[in-house]
Amino acid sequence: MLTLVIPYYNQPAMLDEQARTWRGYPAGVEVIVVDDGSAVPARAEGCAIYRVAEDIPWHQDGARNLGAHVATGEWVLLLDIDHVLSGAVLRRLLGLLPRLPGGVAYRPRRRLVATGRALGRARNIWLMRREDFWRVGGYD
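Scoring rules and cut-offs
Residues numbered from 1 in each chain as written. Predicted model: local features only at pLDDT ≥ 70, side-chain atom pairs only at ≥ 80, totals over all residues. Heavy atoms only, no water. Pairing = 2+ DSSP bridges. Helix = DSSP H or I, 4+ residues; strand = E, 2+ residues; numbered from the N terminus. Axes fitted to C-alpha atoms, helices over the stretch in contact; angles between N-to-C directions. Contact = heavy atoms within 4.5 Å. Buried < 20%, exposed > 50% of the residue type's maximum accessible area, 1.4 Å probe, protein only. Right-handed = clockwise from strand over helix to strand, strands pointing away.

## Here's the deal with the sheet that holds strand 1 (residues 2-8)
Move 1: Pairing within the open sheet is mixed, and its five strands lie in the order 3-2-1-4-7. A strand with exactly one partner marks an edge of an open sheet, and here the two such strands are strand 3 (48-51) and strand 7 (126-129). When the angles between neighbouring strand axes are averaged without regard to direction, this sheet yields 20°.
Move 2: Direction of pairing for strand 2 (residues 29-35) relative to strand 3: parallel, over a ladder of four bridges. Within strand 3, the position partnered with Val 33 by the bridge is Ile 49.
Move 3: Contacts from helix 1 (residues 12-22) reach strand 1 and strand 2, with the element oriented near 165° to strand 1.
Move 4: Helix 3 (residues 87-96) contacts strand 1, strand 2, strand 4 (75-78) and strand 7 of the sheet and is inclined by roughly 135° relative to strand 1.

## Brief notes about the side chain of Asn 65
Move 1: Its location among the elements puts Asn 65 in helix 2 (residues 60-70).
Move 2: In this structure Asn 65 comes out as buried when scored by relative accessible area, which is 17%.
Move 3: In this structure, Asn 65 is in contact with Phe 133, Trp 134, Gly 138 and Tyr 139, ignoring residues within four places of it in sequence.

## So, the pairing of strand 2
Move 1: Among the seven residues of strand 2, six are classified as buried, and the element is accordingly described as predominantly covered.
Move 2: Handedness of the crossover joining strand 1 and strand 2 through helix 1 is recorded here as right-handed.

Dropping the structure here:
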């Protein structure tokens, strides 16, 4: 139903934080981490890890394309590694997905964990049907 795609680049502590959160996810949610040529390879349980062999500068969008390519969910949520989706928010999102129309790319709202303060929408965090991601050609 839903695949989370998270590019990773030399951030093992943040990946550990993500993995702690995934333990609370319901069954059926796929998590894909794409290691974008890190010197410190991605290691985590509860996800599939793919690795780009060459360290290409500013290649995170290519890593997102790889994640969307191997995703099996109808929906993909393209996250940055420093954006953690709590189990409670994920369950709310899963309840909304059947009612969301396709053909639309959504930019979810965000909050700062430490204070709960609302943040502006992130420029590169997207929720959409996987088929729509490829219909627009993925990332250039």
